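Each chain is listed here by its residues.
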Amino acid sequence: MLVEIEKLEQEIQQDFHNIKTTEQLENLRVQIVGKKGKLTAYFSALRDLEPENKKQVAQKLNVLKNHFESLYEDKKQTLDAAKLSAQLEQEYIDVSLFNTLKPQSLGHPIAQVLDKIVDYFINMNFSIQSGPLIEDDFHNFEALNLPKFHPARDMQDTFYFKDSLLLRTHTSPVQIRTMETHSLPIRVIAPGNVFRRDYDLTHSPMFHQVEGLVVDEMGKISFANLKFILEDFLRYIFGDVRVRFRASFFPFTEPSAEVDISCVFCKGNGCRVCSHTGWLEVLGCGVVHSNVFKAVGYENVSGYAFGLGVERFAMLLHRVNDLRSFFETDLRVLEQF
Ligand code: DAH
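The following refers to the structure shown. All values reported here derive from a predicted model rather than from experimental measurement. (Residues numbered from 1 in each chain as written. Predicted model: local features only at pLDDT ≥ 70, side-chain atom pairs only at ≥ 80, totals over all residues. Heavy atoms only, no water.)

### With respect to the packing of helix α8 (residues 223-238) against helix α10 (residues 310-318)
At a minimum axis distance of 11 Å, the contact between α8 and α10 shows a crossing angle of 45 degrees. The angle between α8 and α10 places the two elements in the oblique class. Mapping the contact onto sequence places Phe-233, Leu-234, Ile-237 and Phe-238 in α8 and Phe-313, Leu-316 and Leu-317 in α10. Residue composition of the contact of α8 with α10, by class: seven nonpolar, no polar and no charged. (Axes fitted to C-alpha atoms, helices over the stretch in contact; angles between N-to-C directions. Helix = DSSP H or I, 4+ residues; strand = E, 2+ residues; numbered from the N terminus. Parallel < 35°, antiparallel > 145°, perpendicular 65-115°, else oblique. Contact = heavy atoms within 4.5 Å. Nonpolar A, V, L, I, M, F, W, Y, C, P; charged D, E, K, R; others polar.)

### A closer look at the nonpolar core
With 44 residues, the main nonpolar core has Phe-233, Leu-234, Phe-238, Leu-283 and Phe-313 as its most contacted residues. Of all the elements in the fold, those that place two or more residues in this core are α5 (109-123), β5 (206-217), α8, β7 (253-262), β8 (279-288), β9 (301-309) and α10. When near neighbours in sequence (up to four residues on either side) are disregarded, Phe-313 contacts Val-113, Ile-117, Phe-233, Leu-234, Ile-237, Phe-238, Val-282, Leu-283 and Leu-308. Counting residues in hydrophobic clusters, the runner-up holds 21 residues, among them Leu-166, Leu-213, Val-288 and Val-301. (Core = buried A, V, L, I, M, F, W, Y, C linked by side-chain atoms within 4.5 Å. Buried < 20%, exposed > 50% of the residue type's maximum accessible area, 1.4 Å probe, protein only.)

### Let's talk about the packing of aromatic side chains
Counting across every chain of the model gives 14 aromatic pairs. On the basis of an interplanar angle of 50 degrees and a centroid distance of 5.4 Å, the ring pair of Phe-16 and Phe-68 is categorised as tilted. Here Phe-16, found in helix α1 (residues 2-18), pairs with Phe-68, found in helix α4 (residues 51-90); they are 52 residues apart in sequence, far enough to count as distant. Among the residues examined, Phe-16 registers a relative accessible area of 5% and is labelled buried. Here Phe-68 falls in the buried class, since its relative accessible area comes to 2%. Here Phe-233 and Phe-313 contribute two aromatic rings whose centre-to-centre distance is 6.0 Å and whose plane-to-plane angle is 25 degrees, an arrangement assigned as stacked. Pair noted here: Phe-233 is in helix α8 and Phe-313 is in helix α10, with a separation of 80 residues, a long-range link. We note that Phe-233, like Phe-313, is buried. Against the face of Tyr-236 rests Lys-116, its NZ or CZ located 5.6 Å from the ring centre. Cation over ring: Arg-324 sits above Tyr-199, and NZ or CZ is 5.0 Å from the ring centre. (Phe/Tyr/Trp six-rings, centres within 6.5 Å; stacked < 30°, edge-to-face > 60°. Lys NZ or Arg CZ within 6 Å of the ring centre and 35° of its normal.)

Structure follows, in C-alpha cells:
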C-alpha cells in the first residue's frame with residue numbers, strides 16, 4: 001500500500017503540472033480528496049489495516065494530504081491571478097485615446113468675439129433684446145428719423161422684398177421695437193445679423209452688429225454716461241488703447257459721434273491699416289434724436305444709443321485682413337482660433 005501511495009503522490013505531482021484552468025483544478029480536487037476521491041479511498045481503507053501498519057500508512061496519507069492541499073492552494077492562486085490579469089487586459093480602457101479625437105472647438109471667431117461683447121454689457125446690467133431679420137420700412141428707416149427719399153438712406157444698400165419689407169440693414173430697428181413694448185428705464189443691447197448689398201475685403205452681404213440703447217426720464221441720461229461706458233467697454237475688449245470721440249452724423253442721434261481707438265497694429269504711430277492716422281474707427285453712437293422718441297410716442301425722456309460691427313471687432317482683435325475668410329468655412333483658417 002505504501003508503494004501505491006507513493007505512486008499516487010507522483011501522479012498528483014504530474015497532474016498539477018498539467019493543469020491550465022480553474023475547472024481542471026476543481027476536477028482534480030474532486031478526483032483526489034472528493035467523497036469518492038482516490039486519497040479519500042485510502043483513508044477509508046485504513047480501518048482494515050493491522051494496527052502497526054495502520055500508523056505508518058496514516059502518517060504517509062496525512063503528509064500526502066497536506067502536500068496536496070498546499071499544491072492546490074498555490075495552483076489556485078496562480079490561476080486566479082492569471083485570470084484577473086487577463087480580464088484586466090481585456091477590459092483595459094486607453095484614456096489617452098481622447099487625444100486622437102477631433103480637436104474641440106471654442107466656437108466660431110465671430111461667436112467668440114460676440115460672447116465677449118455681450119459679457120461686458122450683461123455685467124453692466126444691460127439685458128438682451130432681439131428683433132426680426134425681415135423688417136418693415138417703418139422700423140428700419142422711418143421711425144429712426146430716415147423718412148422716404150432722405151439721402152441718408154443711401155448710406156445702406158438695402159435688400160428689398162415686396163410691400164416695403166426688407167432685410168434689416170442694421171440692428172437699430174430693435175431700438176424702436178424695444179421702446180414700443182417696454183417702459184422706462186430701458187437698458188438693452190441687441191446683437192444680431194444684418195444685411196447689405198456689399199461684398200469686398202471689409203464687407204459681406206450678411207454680418208453682425210450689436211446695438212445699444214439706454215433711455216430714462218429726461219435729464220437722467222447724458223452724453224457723459226455714453227462716453228464713460230464706451231471707453232470702459234473698448235478697453236475691456238481691446239486692452240490698453242486710447243479712445244476718442246469724433247463728431248459725426250447719424251439721422252437717429254443728435255449729437256452723433258464716431259468712436260476711434262488708437263491703432264492696435266502700430267500703437268498709434270501710423271501704419272498702413274490705420275492709413276497713417278494712428279486711429280481706427282470702431283463704432284457709432286450719440287444722444288437719441290427727439291424724432292425717434294416722437295415715433296414711438298415717448299415724451300420727456302432722454303437716452304443714448306450706439307451700434308458696432310462684430311466682424312470689424314474680430315478683424316482688429318485677430319488681425320484678419322479679409323473679412324470674407326470668416327465665412328468661407330475653411331478649417332485651416334477657423335482652426336487658428
Ligand atoms: N445703425 C448704424 C449703422 O448701421 C450704427 C449706429 C450708429 C447705431 C449710431 C446707433 C448709433 O445706435 O447711435 O451704421
